[in-house]
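Results of the structural survey
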Amino acid sequence: MKSQELRQAFVDFFVSKGHVHVPSASLIPDAMSTTLFTIAGMEQFVPVFLGERPAPAPRVATVQRCLRVAGAKSDIENVGRTGRHGTFLEMLGNFSFGDYYKREAIAYAWEFSTRVLGLDPAKIHVTVHTGDDEAERIWREEVGLDAARVTRCDEENFWTMGPTGPCGPSTELFYDTGAEHAGGPHDDAPNKGDRFVEFWNVVFQQFNRGTDGRLTELPRKAIDTGAGLERMLALCNGKVSMYDTDLFVDLTAALPPGSSQLPAHEQRVRRNIVADHARAVTFLINDGIFPSNTDRGYVLRFLIRRAVRNGRLLGFPSGFLTALVPAVVASLAAGYPELREHAARISRAVAQEEASFERTLERGIAMLDDLCGRAHANRLAGSDVFALHDTYGFPMELTREIAAERGLTIDEAGFNAAMEGQRERARRDAESKRAVVTLAELPAITSVFTGYEGLECEGEIVALLRDEKSVGRLTTGERGAIVLDRTPFYAERGGQIGDRGVIRDADATFDAQDAQYLGDAIAHYGVVTSGELSIGQRVRASVHDWWRREIRRHHTSAHLLQRALKDVLGEDVAQAGSWVGIDRMRFDFRWTSGSLTPQQRYDVSHRVNEMIRDDSPLVTRELAIAEAKSTGAIWMHGEKYGERVRVVQAGPSVEFCGGTHSHSTGELGLFVILSEFSIGSGIRRIESCVSSAAETFVHRQQELVGELASSLATSPDELGERVGKLQREVKELQNAVGQLRARLASADAQEYVRDAERSGERTFVGAVVPEATPEALRHLSQAIRMRLPSGVIALAGVDNGAVSLVVWASEDHVKLGVHAGNLVKLAAPFVDGKGGGQAAQAQGGGKKASGASDALRAIRAAVLA
């Protein structure tokens with residue numbers, strides 16, 4: 001049986017039993033989840049189990065993609081080494097939400113396993129929870145299993161998704177693969193070794209575990225089945241290892257032959273690791289995750305780099321992982337057609353990360369080899385592990401794995417401390433201009449935002465803050481924050497900065513200079529310019545119309561820019577962040593093909609301005625999340641959305657967005673790209689402006705061009721030609737200066753050679769050369785070498801307080817033990833600098849001109865000693 005046949009057989013079987021087939025959810029779990037990735041089929045139904053959301057149907061069947069690479073459910077250490085463990089897996093599941101329970105769930109599991117898959121009933125063993133008499137009775141009396149094939153377990157048969165959430169007792173089905181696969185004489189029952197393979201787990205969801213660890217009854221009992229497709233596929237094909245099924249055989253066959261000295265078994269293990277990680281990587285990128293140094297992106301980066309490192313051990317060529325992506329897509333596309341649509345984007349993302357790591361891999365391995373050789377007490381220092389991570393991109397987990405292969409451990413606590421130190425420095429650098437009040441300091445307050453309807457409203461002051469503390473009043477001249485029950489001020493969120501305006505009553509005025517969320521409350525930060533404000537007071541809040549007008553125009557331009565980028569570069573472009581102000585907008589997007597060409601940049605700008613000229617009215621609708629996604633609107637993968645979302649349409653642009661927007665695209669007037677550059681691996685940033693800011697920018701550019709044209713005695717249209725002519729003239733002058741310097745150096749060289757010092761077999765020429773740039777030193781050194789075929793030349797050029805060091809040693813002097821690089825290292829501290837190089841030639845520099853003579857004396861002493 002092939003993998004797609006098994007997927008379809010499972011779905012068909014449960015649909016015939018009255019189940020509704022629900023598509024797989026993303027690997028990015030629901031906002032309710034406590035896990036980093038989707039690790040089980042039941043995760044998308046957690047709110048259903050808790051009674052917070054209606055079930056899609058009383059009975060549901062799914063084939064859910066899962067990733068287990070972090071946390072308690074991680075199988076990373078066993079991946080490729082056993083036949084049962086992988087990071088990416090497909091979980092077959094049937095669910096009942098208050099419909100059937102233990103009897104039917106057990107009967108369905110038995111019928112599908114024995115009649116559809118054709119597994120030998122005599123080889124199936126089961127386990128039940130120690131306190132579950134009902135499940136054991138069903139197995140023995142209704143299914144007909146004898147007591148010897150029913151085992152009671154405690155923790156092994158109580159399933160939890162994590163530290164909190166739905167949980168309950170379970171019953172598991174195991175298949176006996178035979179005594180030849182036993183791990184020892186005691187491997188004679190489930191959960192004792194490798195002989196019995198667990199392939200089906202029915203969880204009787206009964207409880208919810210709270211943050212305090214207590215179990216409370218769920219609103220209704222439910223069935224949650226998890227059956228690993230990979231293990232099941234192996235068993236129904238008479239295999240013990242899932243790596244012998246089409247899911248993996250097709251991938252390992254697509255790998256290059258390699259050239260490795262590893263034992264055959266170890267080569268097989270590492271090929272399995274590469275195949276498994278390629279599957280995981282492909283789906284992570286498909287679901288909108290990209291390599292980064294945090295959270296899910298970090299895990300993706302780790303998997304790619306771990307796969308690349310294993311490939312290198314097998315002797316695979318550069319780019320092998322990228323070349324494997326089409327095979328992964330072909331293997332899984334029957335079950336997940338969207339992979340074909342995203343194949344190009346996946347390949348580009350893998351290629352960029354693979355190339356990035358390959359550039360540093362060899363140097364990183366060399367550094368790690370050196371550290372392992374010098375490890376104290378068979379342990380790598382945390383600071384060294386951090387240096388590998390920070391300099392060469394080695395994830396800590398990868399370093400730990402390589403160290404373990406060499407019999408070493410790592411200081412994880414030290415590494416974590418170094419990482420936290422780096423984060424703390426970053427936090428301090430990015431610290432806000434004002435302190436942030438913690439939620440604990442405020443009562444439970446929710447501010448109603450009225451700003452979609454207008455720029456003014458009346459509200460009541462429900463909290464006041466001064467110096468980060470709650471107070472009863474604010475008086476003239478005092479800075480602080482006001483929290484209202486209702487406000488038209490948009491608080492900073494989604495990249496859009498907070499509104500500014502005025503809050504006042506008959507006797508007091510507050511200049512609101514920013515608006516920020518504190519939980520569900522909106523805090524207005526600013527200063528009381530007159531009067532006194534106190535809790536309970538009724539006030540009128542007004543947003544500056546010019547402020548909101550320019551922000552909503554720039555925010556709308558972000559939507560149009562994303563649409564234009566997709567139109568010009570392709571649908572694979574994905575937003576990675578944004579910032580919206582009153583005079584410019586930043587838009588970050590994932591694009592792995594490098595900087596935009598001038599033509600692409602023009603096409604993007606032109607497309608945005610086309611949409612502006614169309615003057616399309618903006619249409620905003622609030623929809624249920626499922627309906628909103630069905631509109632084809634753009635939404636950010638990994639972003640957490642509520643039950644209902646705002647969908648904003650601006651001409652051909654349709655997006656999820658809670659910000660404020662213009663009334664029509666024509667309002668924006670003109671769109672101008674100010675800059676486009678990289679801000680990280682595979683992430684580009686465009687800075688742009690619209691409206692009055694764009695008008696001002698264009699005016700200034702015109703003034704600048706006019707001034708330049710006037711100063712160069714030409715017209716704006718001929719400015720390019722005039723600058724080109726000047727550049728050619730400058731180059732000609734530079735060549736002439738270079739030739740003059742060479743002639744002067746030749747004249748000086750003869751004098752320096754005449755003053756050469758000799759000691760035994762060694763000859764030394766040294767000089768401090770005033771007003772000498774590195775280029776002038778190079779000319780002088782070459783001229784001296786032409787007249788001094790044997791010897792050591794050391795020159796220190798001083799120019800505007802900076803020192804340049806150049807040392808050259810002839811071949812015969814190198815054989816005598818002279819090393820130019822070491823001589824520069826010896827001299828550099830005298831000029832507060834550094835440098836180095838090869839035995840025959842080296843250079844350096846410093847910033848202490850007064851030390852140049854001492855530096856030359858140190859070199860002279862070392863050469864002539």
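Analysis parameters
Along each chain, residue indices are assigned from 1 in the same order as the chain's sequence is written. The model is predicted, so local features are restricted to residues of pLDDT at least 70 and side-chain atom pairs to those at 80 or more, both for listing and for counting; the totals for chains, interfaces and linings are taken over all residues. Note: side-chain values were computed over all heavy atoms of the structure, leaving out hydrogens and water. Helix numbers and strand numbers start at the N terminus; a helix is a DSSP run of H or I with at least 4 residues, a strand a run of E with at least 2. Burial classes: relative accessible area under 20% of the type maximum marks a residue as buried, over 50% as exposed, and values in between as partly exposed (1.4 Å probe, protein chains only). Areas reported here follow the Shrake-Rupley algorithm with a probe of radius 1.4 Å; residue values treat only the protein chains shown as occluding. Charged residues are defined narrowly, with Lys and Arg counted positive, Asp and Glu counted negative, and His plus the chain ends left uncounted. In plain terms, the charge of a residue is placed at NZ if it is Lys, CZ if Arg, CG if Asp and CD if Glu. For two strands to pair, DSSP has to find at least two bridges joining them. Lines are fitted to the C-alpha atoms to define the axes, a helix being fitted only along its stretch in contact, and any angle between axes, read from their N-to-C directions, falls within 0 to 180 degrees. To sort the angles, those under 35 degrees are grouped as roughly parallel, those over 145 as roughly antiparallel, those from 65 to 115 as roughly perpendicular, and the leftovers as oblique. Crossing handedness follows the turn of the near helix against the far one: under a right angle anticlockwise gives a left-handed crossing, and clockwise gives a right-handed one. In this analysis, two residues are considered to be in contact whenever any of their non-hydrogen atoms come within 4.5 Å of each other. Ten residue types, Ala, Val, Leu, Ile, Met, Phe, Trp, Tyr, Cys and Pro, are classed as nonpolar, four, Asp, Glu, Lys and Arg, as charged, and the remainder, Gly among them, as polar. Centres within 6.5 Å make a pair out of two Phe, Tyr or Trp rings, where for Trp the six-membered ring is used; the pair is then stacked when the planes are under 30 degrees apart, edge-to-face when over 60, and tilted otherwise. Distance and angle both matter: a charge sits over a ring if NZ of Lys or CZ of Arg is within 6 Å of the ring centre and within 35 degrees of the ring normal. Disulfides are defined as pairs of cysteine sulfur atoms found within 2.5 Å of each other. Here pLDDT means the predictor's own confidence in every residue, given as a number from 0 to 100. Only one rule defines a salt bridge in this text: a Lys or Arg side-chain nitrogen within 4 Å of an Asp or Glu carboxyl oxygen.

1. As for the overall build of the protein chain
- The number of helices and strands found in the protein chain is 22 helices and 35 strands.
- When the backbone C-alpha atoms are referred to their principal axes, the protein chain occupies close to 110 × 85 × 55 Å.
- Every one of the 865 residues in the protein chain was classed for burial, and the buried ones make up 50%.
- Carbon and sulfur atoms make up 49% of the accessible area of the protein chain, which totals about 39,100 Å².
- Each charge class in the protein chain can be summarised by its mean position, and for the 100 positive and 115 negative side chains these summaries are 3 Å apart.

2. Notes on the sheet that holds strand 28 (residues 671–680)
- Across the sheet, four strands lie side by side as 23-24-29-28; this open sheet has antiparallel pairing. Unpaired on one side and paired on the other, strand 23 (574–580) and strand 28 mark the two borders of the sheet. Direction aside, the axes of adjacent strands within the sheet are offset by 20 degrees on average.
- Pairing analysis gives eight bridges linking strand 28 to strand 29 (residues 683–690), with the strands arranged antiparallel.

3. Description of the packing of helix 1 (residues 3–16) against helix 3 (residues 102–116)
- Packing of helix 1 against helix 3 brings their axes to within 12 Å, and their N-to-C directions diverge by 135 degrees. Overall, the two elements helix 1 and helix 3 adopt an arrangement that is oblique. Judged by the twist between their axes, the crossing of helix 1 over helix 3 is right-handed. In this structure, helix 1 contributes L6, A9, F10, F13 and F14 to the contact, and helix 3 contributes Y108, E111, F112 and V116.
- Considering only residue class, the contact of helix 1 with helix 3 consists of eight nonpolar, no polar and one charged.

4. A closer look at helix 12 (residues 396–405)
- For helix 12, every residue scored as buried is listed here: M396, L398, T399, E401, I402 and A403.
- Where helix 12 terminates, the next one or two residues include G407, which has phi positive at roughly 80 degrees.

5. Here's the deal with the packing of aromatic side chains
- Taken as a whole and judged by the stated rule, the model has 27 aromatic pairs.
- Taking the centre distance of 5.9 Å and the plane angle of 90 degrees together, the rings of F14 and Y108 count as edge-to-face. Remark: Y108 occurs in helix 3 and F14 occurs in helix 1; sequence separation between them is 94 residues.
- Connected via pairs of aromatic rings, a cluster forms that spans F10, F13, F14, Y100, Y108, F112 and W200.
- Sitting over the ring of F204, K102 keeps its end group 4.9 Å from the ring centre.
- Here the basic side chain of K629 rests over the ring of W635, its NZ or CZ set 4.1 Å away from the ring centre.

6. Observations concerning the state of the cysteines
- According to the stated counting rule, one finds zero disulfides in the structure shown.
- Unpaired in this structure, C66 has its nearest cysteine sulfur neighbour in C167, at a distance of 18 Å.
- Residue C167 stays outside any disulfide, its sulfur separated by 18 Å from that of C153, the closest cysteine.

7. Regarding the pairing of strand 26 (residues 644–650)
- Strand 26 sits mainly inside the fold: five of its seven residues count as buried.
- Across seven bridges, the pairing between strand 25 (residues 618–624) and strand 26 is antiparallel. Its bridge partner being in strand 26, L618 is matched across the sheet by A650.
- Across four bridges, the pairing between strand 26 and strand 27 (residues 653–656) is antiparallel. What sits directly across from Q649, in strand 27, is V654.
- Counting the residues that bridge the hairpin from strand 26 to strand 27 gives two residues, and of these G651 lies at a positive phi of roughly 65 degrees.

8. Thoughts on the sheet that holds strand 27
- Across the sheet, which stays open at both edges, the three strands sit in the order 25-26-27 with antiparallel pairing between neighbours. If you trace the sheet from one side to the other, it starts and ends with strand 25 and strand 27, each paired once. Strand-to-strand twist of the sheet, defined as the mean angle between neighbouring strand axes without regard to direction, takes the value 20 degrees.
- Those strands touched by helix 14 (residues 545–569) are strand 25, strand 26 and strand 27, and its axis lies near 115 degrees from that of strand 27.

9. What to know about the confidence of the model for the protein chain
- Of all residues in the protein chain, 95% attain a pLDDT of 70 or more, and the chain-wide mean is 89.
- Throughout residues 429–441 the model reports pLDDT below 50, and contacts reaching past four residues in sequence, or to other chains, amount to 16 contacts.

10. Comments concerning the pattern of salt bridges
- Enumeration over the complete set of coordinates arrives at 55 salt bridges.
- Across the pair D572 and R345 runs a salt bridge, and its minimum N-O distance is 3.9 Å. With D572 in the loop between helix 14 and strand 23 and R345 in helix 10 (residues 338–373), this pair connects stretches of sequence that are 227 residues apart.
- For D572, a relative accessible area of 14% gives the class buried.
- Here D567 ties to R563 by a salt bridge, and the two come within 3.1 Å at their closest N and O atoms. Of this pair, D567 and R563 both sit in helix 14, four residues apart, roughly one helical turn.
- Linked by salt bridges that have partners in common, R563, K566, D567, E571, R607 and E610 make up one network.

11. Examining the side chain of E550
- Looking at the element boundaries, E550 is found in helix 14.
- With a relative accessible area of 8%, E550 lands in the buried category.
- Filtering out sequence-adjacent residues up to four positions away, E550 remains in contact with G581, I582, S691 and S692.

12. Concerning the environment of A403
- Along the chain, A403 falls in helix 12.
- Note on A403: relative accessible area 0%, which makes it buried.
- A sequence separation of 31 residues divides A403 from C372, and the C-alpha atoms of the two residues are 7.3 Å apart.
- Look past the residues within four positions of A403 in its chain and what remains in contact with it is L380, L408 and I410.

13. Here we look at the environment of V672
- Structurally, the position occupied by V672 is in strand 28.
- You can call V672 buried: its relative accessible area is 13%.
- Considering only alpha carbons, one finds V672 and G495, 177 residues apart in sequence, at a separation of 20 Å.
- Leaving out residues up to four positions away in the same chain, V672 has contacts with E687, S688, C689, A694, F697 and V698.

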